[in-house]
Amino acid sequence: MPWYDFLTKIVPKNLVFQLKNVRLIQLRLDIKGPFLVVNDNRKTILQINPNQLDSIRRDRIFSQLPNLVQSGIDVLSDEFATDSDDYKERISSSSNQDIITFFSGKIPDSDMPILKASLYLKSVLESGGETRLIKERIVYRFGVRGRNISNLCSAGYFDSLLRPLYDQMSSTSRYSHKKFLNLYEEMIVYCPFALFIHSHMSPEEVKSELTRKIVAMKEYGIQTLNIHGIGQYNVTIMQRVVDEVINSQGMGISKIVEKVNNFLIIRLAIRK
Amino acid sequence: MSNIRITFDRRFRSRVLSAFGKQIDTDGYVVDSKTGDHVLSREGEQISGNDFSGVIKGSWIYLKSDILSLIQYAER
């Protein structure tokens with residue numbers, strides 16, 4: 001084991017006996033001494049502060065990294081390691097795997113990484129975690145399409161709408177996959193039944209977008225429109241703007257408001 | 001893939017890169033120290049020093065702190 005041989009030359013003799021159990025080596029700046037062995041979740045971690053070492057041992061640690069990578073050891077930043085472990089754990093839940101398996105082969109292959117990233121974001125959101133950076137990364141990598149898919153996914157529409165839609169369409173004798181894909185594409189690109197308020201939208205933009213969607217509801221016979229907002233800022237804008245727009249549209253629209261902490265859904269329906 | 005992993009505080013980025021013959025240039029991108037050529041991610045993209053997230057086996061694959069890189073790494 002190259003890593004073991006290398007470490008026995010670096011650590012003090014009294015720590016050598018623990019090396020065989022080590023599964024994680026952390027190069028850190030926040031430990032006082034040069035070495036600390038920690039047992040965490042039945043895993044032995046060797047923490048090393050290279051800045052606390054003499055220059056020979058410090059240089060040896062870094063100079064060995066290419067050999068260690070070549071032997072199959074991953075060398076990762078703390079954040080990347082934490083994020084990838086978190087992603088693996090969350091994406092492996094049965095509900096997420098169920099959605100991934102269902103939509104694999106049914107939606108464009110290029111959308112699958114977006115769906116997976118979105119399911120990860122949804123999982124973090126549902127557990128009360130901070131999602132702003134994940135959302136930014138999805139939009140940065142996948143653009144507007146990424147934003148739309150992650151919004152639809154977070155709001156549960158892949159399970160509550162797209163999946164039953166596919167099941168219904170595919171059970172008919174006239175089913176063609178192309179028809180499903182066309183409808184899927186419309187939903188992803190235009191989101192005719194939902195409006196997602198995000199923090200970059202001004203009240204004027206929300207008003208304009210909501211008006212556009214309500215006009216589309218009338219034109220295409222869409223009976224309901226759900227408006228989603230997360231975070232105090234978006235919720236405040238929604239509450240301010242929605243009534244103003246409904247009143248200006250001059251048609252019977254009913255409204256149901258659901259508020260849970262900083263999540264707000266306003267469900268609009270055309271009164272028959 | 002080994003069952004051991006090494007992680008580093010992001011403040012060691014430059015030292016880690018130096019060990020692989022790389023550095024961060026004046027524009028903030030990871031480059032080869034000898035040739036000055038940009039180091040590319042698996043997707044063929046330049047890697048900024050801030051985004052550099054590690055090295056794994058495979059002719060040394062350089063990782064970015066990017067959602068796609070995260071998914072690809074986690075699923076390998």
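My aim in this report is to walk through the structure given alongside it, one point at a time. A quick note: this is a predicted structure, and the numbers were derived from the prediction, not measured.

### Considering the packing of aromatic side chains
Residue and element names in this part refer to chain A. Applying the stated criterion to the full structure yields 15 aromatic pairs over all chains. Measuring from centroid to centroid gives 4.9 Å for Tyr157 and Phe193, while their planes differ by 65°, and the two rings are edge-to-face. Within this pair, whereas Tyr157 is found in helix H8 (residues 157-170), its partner Phe193 is found in the loop between helix H9 (177-190) and strand S5 (194-197), the two being separated by 36 residues in sequence. Each member of the pair Tyr157 and Phe193 is classed as buried. Both rings, one in Tyr166 and one in Phe180, keep their centres 5.0 Å apart while their planes meet at 85°; by these two values the pair is edge-to-face. Here Tyr166, found in helix H8, pairs with Phe180, found in helix H9; they are 14 residues apart in sequence, far enough to count as distant. Accessibility assignment for this pair places Tyr166 and Phe180 in one class, buried. A network of ring pairs unites the aromatic residues Phe102, Phe103, Phe158, Tyr166, Tyr175, Phe180 and Tyr184 as a single cluster. Geometry around Phe102 places Arg163 over its ring, the cationic atom sitting 4.5 Å from the centre.

### Side note on the interface of chain A and chain B
Between chain A and chain B, the residue contacts involve 43 residues of the former and 36 residues of the latter. When the buried surface of chain A facing chain B is broken down by residue, Asp74, Phe80 and Arg141 of chain A rank first, second and third, together holding 17% of it. Connecting chain A to chain B are 7 salt bridges. Here Arg5 of chain B ties to Asp85 of chain A by a salt bridge, and the two come within 3.1 Å at their closest N and O atoms. Here chain A is connected to chain B by 22 residue pairs in polar contact (both at pLDDT 80 or more). Counting residues per element, the ones that place at least two in the side of chain A that touches chain B are strand S1 (22-27), helix H3 (55-70), strand S4 (74-77), helix H4 (78-91), helix H6 (112-126) and helix H7 (132-154) of chain A. By residue number, the principal contributor to the side of chain A that touches chain B is H4 of chain A, which donates 9 residues. Here the residues of the side of chain A that touches chain B are counted per class, giving 24 nonpolar, 6 polar and 13 charged. With 4 bridges connecting them, S1 of chain A and strand S1 (residues 5-8) of chain B associate as parallel partners.

### Thoughts on the layout of surface pockets
All names here are of chain A. Computed from the structure, the largest pocket encloses a volume of approximately 1100 Å³. Around the largest pocket, the lining is made up of 38 residues, and of these Leu125, Thr131, Lys135, Ile230 and Asn234 lie nearest the centre. Where the lining of the largest pocket is concerned, the elements lending two or more residues are H6, H7, S5, strand S6 (224-230), helix H11 (232-249), strand S7 (253-260) and strand S8 (263-270). Here the lining of the largest pocket is built from residues that sort into 13 nonpolar, 16 polar and 9 charged. Its volume calculated, the second largest pocket comes out at about 460 Å³. When its residues are assigned to classes, the lining of the second largest pocket shows 7 nonpolar, 6 polar and 8 charged.

Conventions used here
- For every chain, the first residue of the written sequence is number 1, and numbering continues from 1 along that sequence.
- The naming scheme follows written order: chains are lettered A onward, ligands numbered 1 onward.
- Under the rules for a predicted model, residues below a pLDDT of 70 receive no local features and side-chain atom pairs below 80 are neither given nor counted, while totals for whole chains, interfaces and linings still include all residues.
- Heavy atoms throughout the structure, all of them, feed into the side-chain values; hydrogens and water do not.
- A pair of aromatic rings is counted whenever rings of Phe, Tyr or Trp (Trp by its six-membered ring) have centres within 6.5 Å, and the orientation is called stacked for planes under 30 degrees apart, edge-to-face for over 60 and tilted otherwise.
- By the criteria applied, helices consist of DSSP H or I runs no shorter than four residues and strands consist of E runs no shorter than two, each listed in order from the N terminus.
- Only protein chains enter the accessibility calculation, which uses a 1.4 Å probe; a residue whose area is less than 20% of its type maximum is buried, one above 50% is exposed, and one in between is partly exposed.
- Put simply, a charge is over a ring when the Lys NZ or the Arg CZ is close to the ring centre, within 6 Å, and near the line of the ring normal, within 35 degrees.
- Contacts between residues were defined by any pair of non-hydrogen atoms, one from each residue, lying within 4.5 Å.
- By convention, the term buried area covers the 1.4 Å-probe accessible surface removed from two parts as they join, with the contributions of both added.
- Counted as salt bridges are all cases of a side-chain nitrogen of Lys or Arg within 4 Å of a carboxyl oxygen of Asp or Glu.
- Here a polar contact is taken to be a pair of N or O atoms separated by no more than 3.5 Å, where protein atoms must pair a possible hydrogen donor with a possible acceptor and residues adjacent in sequence count only if both atoms sit in side chains.
- All amino acids are sorted into three groups, where Ala, Val, Leu, Ile, Met, Phe, Trp, Tyr, Cys and Pro are nonpolar, Asp, Glu, Lys and Arg are charged, and the leftover types, Gly among them, are polar.
- By definition, two strands form a pair when at least two bridges between them are found by DSSP.
- Here a cavity means grid points, on a 1 Å grid over the protein atoms only, where a 1.4 Å probe fits yet cannot get out; a pocket means an open set of points with protein on both sides within 12 Å along at least five of seven lines; lining residues are those with an atom within 4 Å of a point.
- Grid points are joined across faces, edges and corners, and a volume is the space filled by probe spheres set on the points.

All quantities given are derived from atomic positions and should not be read as evidence of function.
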